[in-house]
Amino acid sequence: MLYNWDAVQFALALREFDVAKHQPHPPGYLLYVGLGRLLNASLGDPTLAYVALAMLFSAGSTFVLYALARRLYDRATALVAASLLAVSPLFWFYGSVGLTYAGEAFAASVVAWFAYATLGGSARHLYWGALALGLTGGMRQSVLLLLLPLWFGCARLGVRSWRRLTLAGGLLAVSVLAWLVPMMWLSGGSAAYLAASTQLYGSVLFPTSVLGGSLEITLAQVRYLLESTLVGLGPLGLVALALPVYARRVGWRAPELFLLAWMLPAGIFYTLVHFGQAGYVLTFLPALVILLSRVLVWAVAAGSERWRRPNWRWALTAAAVLPLVLINTGFFVSARPLPREFDHRAGRDTWLWRARDEFHDWIMSRTAAALREHEAVIRTYVETIRTVYEPSDTALVTELGNTRSYPWLRHAMFYMPEYPIYQVQVGPMPPGFYAPQSAATMILTPGSHIRLPAEIRRLVWFVDHWDPATARPAGLREVQLPYGRYLYVLPLTRAPTEYAGYTFERAAR
C-alpha cells in the first residue's frame, strides 16, 4: 500500500502529471516520476514500481558511500560506513517505501563523490559533477539547493580556471533546464507552475520558517531533526562523544571539513526553514555516517596501538561494529509502536504526552512492524468501505486539521476514485473544502456550503478518530475497526446536515 500523502501523489502522477493538482506536489519531481513510469510499464503496479526504485537507490547509495569513504579515508572506514548505513533503521525504512528520500541519499552521495574529486583538481569530475547536480534537481530539488554550496566550493578551490568554472556553470544550467522546461509545460505553463509552487510555499514552508513561524516551531523542528538523526544513526550516535578527542588529536583536515560542508547547509535549512519528514535527514546522513565511522575506526586503532596489538585492529573493529549492526537490525525488524492514547490525558502532563507522541511519530514509526501495521490500516479502511457502502449512494469525507487523524484524502482518491470525496478544513483554520472530482488545482474552495449529488444517501468519514472539539451530527454512527481505528457513518435526509460549521445539502432531483 502507498505509505503517505506524498507517495499517493507520486502514484497519481503516473496517471496524470500535473503540478497544479499536486500530482506530484510542487516543486515537481519530473525525473523521479519518469523513472517510476519506466518501472511501472513493466510491473503494472505503481506502489511496487516506486518501492523497487527506492530499493535500487538505497542499494546504490551503499556502494557509492563505500567508494567515497575509501577515497576520503581508507578501506576499513569505507567498510564500516557502508555496513552501518545499510542497516540504519531510517535508511532501511525509506528504502522500503515509495518516496524520494532513498534517491536523495543516492544523489547526494554521487554529487559529493564528484565534488571531492573536483577538490583534487580534476576538471573531468567538475563537469560530471555539474551534470549530476543539475539532473538531481529533476528528481528532488532540495538536493540541488543543499549540495550546490559543496559543489561550488570544491570547484572554486580545486579548479581555479574561470573558463572551466564558467563552462561547468553552463552545463549545470542546461541540465536544470532539461527537466524544468518540460515540467512547466506539463503543468500548464510557467504561470500555473509558479502559482502552485507559491501556494505550497505560503501554506507549508513559510509558516515553519523563521520568517513566518514562532520560536516554538523552530525548536520543534530542532527536536524532530535530532530525533530523526538518532533513528538514522542508532548506537553509532554515541561515537559523537569522541569527536572532541578526535579533533584534538587528529585535527580537522580536508576530509572532515568536506563532510562538514556537506552537512551544514542541510542542517541550517531544516532548522530554520522546514523539516517535514524524517526522510529529509538522508540528505546528509551518509556524510555523518562516514565521519562517525572514521572516528570509530580511529578509536579502535588507537586502542590496539595502546595495547601493543596492532595486528588485532581488524578483529577489534569487527567486534565494535557487529553489535551496532545487530542493534540497528533488531530495532528495525522487531520494534513495535505502542497504541496511541487520546483519552485520559491529564492537563498537567501535557509535556509528557507530547514527548510520547513525538517518540511514536518520529522514532517508533520508522520500523518494519510500524510499516506493516500502517499498510494494514489503509487496507482495512479501503476493504471495509468498498464492501459495505456502495459508491452510487455514498460520499466520503476526510478532514484536514483533525489532530486525531491523518488526512486520508489522497488515499481515498487513489484507492476509491469511484466515490464522491470531500476534504473539509476543520479546527482553527478558515472554512474551505476540496472536491477532487471537480477541481483543477489543489487550492481549497472557500466557504462552508457543500452541495452533494441527489443520489447520495450517506456520508462516511474516513478519519482515524473523531475530533472531540467537533460536535457530532445527530444520527452519526460509530463503526469500530481493527487497529484502534473507526469509521463514522451518517444517513442523510432531505434536510441539510450541519457539521463543524459546514452545511451538506443534497441537490434536488
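Our structure is the block above this text.
Residues numbered from 1 in each chain as written. Predicted model: local features only at pLDDT ≥ 70, side-chain atom pairs only at ≥ 80, totals over all residues. Heavy atoms only, no water.

Here we come to the nonpolar core. Grouped together as the largest cluster of nonpolar side chains are 136 residues, with contacts concentrated most on Tyr94, Leu147, Phe258, Leu259, Trp262, Ile290 and Met416. With residues up to four places along the chain from it excluded, the contact list for Met416 reads Val382, Ile385, Arg386, Leu396, His411, Ile421 and Phe462. Core analysis: the next-biggest nonpolar cluster, separate from the first, contains 22 residues, Tyr422, Leu459, Trp466 and Tyr502 among them. (Core = buried A, V, L, I, M, F, W, Y, C linked by side-chain atoms within 4.5 Å. Buried < 20%, exposed > 50% of the residue type's maximum accessible area, 1.4 Å probe, protein only. Contact = heavy atoms within 4.5 Å.)

What follows deals with the packing of helix α7 (residues 123-136) against helix α8 (residues 141-158). Taken N-terminus to C-terminus, the directions of α7 and α8 make an angle of 170 degrees; their axes are 10 Å apart at the nearest point. Judged on the interaxial angle alone, α8 and α7 are roughly antiparallel. Counted together, Leu126, Gly129, Ala130, Leu133 and Thr136 of α7 and Val143, Leu144, Leu147, Leu148, Trp151 and Ala155 of α8 form the full contact between these two elements. Among the residues forming the contact of α7 with α8, the class breakdown is nine nonpolar, two polar and no charged. (Axes fitted to C-alpha atoms, helices over the stretch in contact; angles between N-to-C directions. Helix = DSSP H or I, 4+ residues; strand = E, 2+ residues; numbered from the N terminus. Parallel < 35°, antiparallel > 145°, perpendicular 65-115°, else oblique. Nonpolar A, V, L, I, M, F, W, Y, C, P; charged D, E, K, R; others polar.)

Attention now moves to helix α15 (residues 313-334). The end-to-end C-alpha separation of α15 is 32 Å, in line with the 32 Å expected for 22 residues at 1.5 Å each. Among the residues of α15, those classed as buried are Thr317, Val321, Leu324, Val325, Asn328 and Phe332. Close packing links the buried residues of α15 with α4 (75-86), α5 (89-94), α11 (215-233), α14 (285-306) and α17 (368-388). (Expected span 1.5 Å × (residues − 1).)

So, about the sheet that holds strand β3 (residues 432-434). Strand order across the open sheet formed by seven strands is β4-β3-β2-β1-β6-β8-β7, with mixed pairing between neighbours. Two strands lie at the open edges of the sheet, namely β4 (445-446) and β7 (477-480), each paired on one side alone. For strand β1 (residues 394-400) and strand β2 (residues 421-425), the ladder comprises five bridges, and the chain directions are parallel. Paired with Val397 across the strands is Tyr422, a residue of β2. (Pairing = 2+ DSSP bridges.)

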